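Breakdown of the fold
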Amino acid sequence: MTDVTAAAPAKKAGAFLHETVTWVQHWTDSLFSFRTTRDPAFRFQSGQFVMVGLEVDGKPLLRAYSIASPSWHDELEFYSIKVESGPLTSRLQKIQVGDQVLIGKKPTGTLVLDGLKPGKRLYMLGTGTGLAPWLSLARDPEVYDRFDEVIVTHTVRNVADLNYRELFETELPQDEILGEIVAPKLRYYPTVTREPFKHQGRITDLIASGKIFEDLGLPPLDPAVDRLMLCGGPSVLADLKVLLEARGYVEGSLASPGDYVLERAFVET
Ligand SMILES: Cc1cc2nc3c(=O)[nH]c(=O)nc-3n(C[C@H](O)[C@H](O)[C@H](O)COP(=O)(O)OP(=O)(O)OC[C@H]3O[C@@H](n4cnc5c(N)ncnc54)[C@H](O)[C@@H]3O)c2cc1C
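Residues numbered from 1 in each chain as written. Predicted model: local features only at pLDDT ≥ 70, side-chain atom pairs only at ≥ 80, totals over all residues. Heavy atoms only, no water.

Our working rule: UniProt positions are given in the numbering used here, feature names are shortened, and annotations may be inferred rather than shown by experiment.
As annotated in an unreviewed UniProt entry, the chain is ferredoxin--NADP(+) reductase from Phenylobacterium ferrooxidans. In the Sequence similarities (unreviewed entry) part of its UniProt record, the chain is described as follows: "Belongs to the ferredoxin--NADP reductase type 1 family." As its UniProt record puts it under Cofactor (unreviewed entry), the chain is described as follows: "FAD".

Brief notes about the side chain of Thr 153
Heads up, the rule is: Secondary structure elements follow DSSP: runs of H or I no shorter than four residues count as helices, runs of E no shorter than two count as strands, and numbering proceeds from the N terminus. Relative accessibility under 20% of the residue-type maximum defines a buried residue, over 50% an exposed one, and the middle range a partly exposed one, all with a 1.4 Å probe and only protein chains included. By definition, residues are in contact when any of their heavy atoms lie within 4.5 Å.
Among the secondary structure elements, Thr 153 is positioned in strand β8 (residues 149-156). Residue Thr 153 is classed as buried on the basis of its relative accessible area, which comes to 0%. Leaving out residues up to four positions away in the same chain, Thr 153 has contacts with Met 124, Leu 125, Gly 126, Trp 134, Tyr 189, Ile 203 and Ile 212.

What to know about the UniProt feature "domain: FAD-binding FR-type" (unreviewed entry) in the chain
The UniProt entry lists residues 14-114 under the feature "domain: FAD-binding FR-type" (unreviewed entry), expressed in the numbering used here. The span residues 14-114 is 4% helix and 48% strand, and its two end C-alpha atoms sit 30 Å from each other.

Some remarks on helix α8 (residues 234-245)
Let me state the cut-off plainly: By this rule the span expected of a helix is its residue count minus one, scaled by 1.5 Å. When we speak of the arc, we mean the arc of directions from the helix axis to the C-beta atoms.
Helix length check: α8, at 12 residues, gives a terminal C-alpha distance of 17 Å against a target of 16 Å (1.5 Å per residue), a fit within 8%. Every buried residue of α8 is listed here: Val 236, Leu 237, Leu 240, Leu 243 and Leu 244. For α8, the angular spread of the buried residues around the axis is 125°, confining them to a single face.

So, the packing of aromatic side chains
Which entries qualify depends on this criterion: Only Phe, Tyr and Trp rings are paired, with Trp represented by its six-membered ring, and only when their centres lie within 6.5 Å; those with planes under 30 degrees apart are stacked, over 60 edge-to-face, the remainder tilted. As a reminder, the over-ring test applies to NZ of lysine and CZ of arginine, requiring each to be within 6 Å of the ring centre and within 35 degrees of the ring normal.
Taken as a whole and judged by the stated rule, the model has 8 aromatic pairs. Between the aromatic rings of Phe 32 and Phe 34, the centroid separation amounts to 5.8 Å while the plane-to-plane angle is 25°, which identifies the pairing as stacked. A residue is classified by how much of its surface remains accessible, and Phe 32, at 0% relative accessible area, is buried. Judged by centre distance (5.3 Å) and plane angle (35°), the ring pair of Phe 34 and Phe 78 falls under tilted. Taken as a pair, Phe 34 in strand β2 (residues 31-37) and Phe 78 in strand β5 (residues 75-81) lie far apart in primary sequence, 44 residues in all. Here the two residues Phe 34 and Phe 78 agree in accessibility, since each one is buried. Three or more aromatic residues joined by ring pairs make a cluster, and in this case those are Phe 32, Phe 34, Tyr 65 and Phe 78. Note that Arg 35 overlies the ring of Trp 23, its terminal NZ or CZ placed 3.8 Å from the centroid.

Structural notes on the nonpolar core
Here is the rule: Here the nonpolar core consists of buried residues drawn from Ala, Val, Leu, Ile, Met, Phe, Trp, Tyr and Cys, with membership extended through side-chain atoms lying within 4.5 Å.
Ranked by internal contacts, the top residues of the largest apolar core, which has 34 residues, are Met 124, Trp 134, Val 152, Phe 168 and Met 229. Those elements giving two or more residues to this core turn out to be β7 (121-127), α2 (132-137), α3 (141-146), β8, α4 (165-171), β9 (186-192) and β10 (226-232). It is α2 that contributes the most residues to this core, 4 residues altogether. What Met 124 contacts, discounting residues up to four positions off in sequence, is Trp 134, Leu 137, Ala 138, Val 150, Ile 151, Val 152, Thr 153 and Met 229. Within the second largest apolar cluster, 22 residues are counted, among which are Tyr 189, Ile 203, Leu 237 and Leu 243.

A short note on the sheet that holds strand β1 (residues 16-28)
Whether parallel or antiparallel, the strands of a sheet pair through hydrogen bonds between backbone atoms. Definition in use: When DSSP finds two or more bridges between two strands, those strands count as paired. Axis geometry follows a simple rule: fit a line to the C-alpha atoms, using only the stretch in contact for helices, then measure angles between N-to-C directions, giving values from 0 to 180 degrees.
What the 6 strands build is an open sheet, ordered β4-β3-β6-β1-β2-β5; its pairing is antiparallel. Looking at the sheet topology across the chains shown, the edges are occupied by β4 (59-66) and β5. With strand direction ignored, the average angle separating the axes of adjacent strands in the sheet is 40°. Taken together, the 2 bridges between strand β3 (residues 49-56) and strand β6 (residues 100-104) define a ladder with antiparallel strand orientation. Considered in β6, the bridge of Val 52 is made with Ile 103.

Re the pairing of β4
Most of β4 sits out of view: 6 of its 8 residues are buried. Two elements, β3 and β4, share 8 bridges in a ladder whose sense is antiparallel. Its bridge partner lying in β4, Gly 53 is registered against Leu 62.

A short note on unusual backbone geometry
In the Ramachandran plot, Asp 57 falls in the positive-phi region, its phi being about 50° despite a non-glycine side chain. Topologically, Asp 57 is positioned in the loop between β3 and β4. A relative accessible area of 76% means that Asp 57 is categorised as exposed. Although it is not a glycine, Tyr 164 sits at a positive phi angle of roughly 70°. You can see Tyr 164 is positioned in the loop between β8 and α4. On the basis of relative accessible area, Tyr 164 is assigned to the buried category, the value being 8%.

Set out below in structure tokens:
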């Protein structure tokens, strides 16, 4: 366990924002999304994460969560796992509209546009709830200002886990305000590992074999023009890192922008 996911020690009430749940969507037995009100003073960059939680026995219980809504939105959205025995999510999955959740005051993280050097294409590769930061960035007009093509991949075990598919396939390209800038640039590439689907397999295998580029009609990864953001489980990130660095990719950060940036979608205990 690292600091970001550890249950926080009791802090005075002023350390967190108390926001109200405005929307809850249960996708499957193990995945759900929710939105909360947003304090007008709460600022973040699309792609960042923040501590989110509940008060349990009078103490705040918090975990790191990518903010799934874009920075311009007046509500905060989160895409969450339900871990049966998980200290937070065994409780968080029961929230209802009108309930209060705690939100940390200091969003942070590496999945921000300023961590990348300029490029032509942006690939955002996500597995499981690692889709969350792309839900934020893909709804942020700045992404389309900076890149000619934007490719979001989502790798899951089962087709039912491909949540937000309609957002990428129809709602965003047809959006009244964003549609005009999004439609010509955004590509969505869902892949499933444990049942038949139009695109099957792990994202690492699809990159290594070149299948993803064949399917999308794009050239293989080139560090001169292709930038990447990665978010997923620890093992897929480790494999992607090896794969990218073998192709000459250099990891970036805010202090030193590079060819790719990554963030863990969760920590294994
Ligand atoms: C930077 C960062 C950003 C994160 N963003 C999100 C997010 O947007 N949405 C989200 O659901 N979680 C996210 N997490 C994970 C989150 O912090 C919690 O681990 C999760 O909410 C479960 O909390 P818990 O107390 O119920 O169980 P924990 O005790 O925290 O976790 C129990 C076990 O469940 C598994 N697990 C935890 N989270 C996930 C997950 N997301 N996907 C698959 N397996 C998991 C791990 O094996 C973990 O050891 C993020 C973690 C980090 C470090």
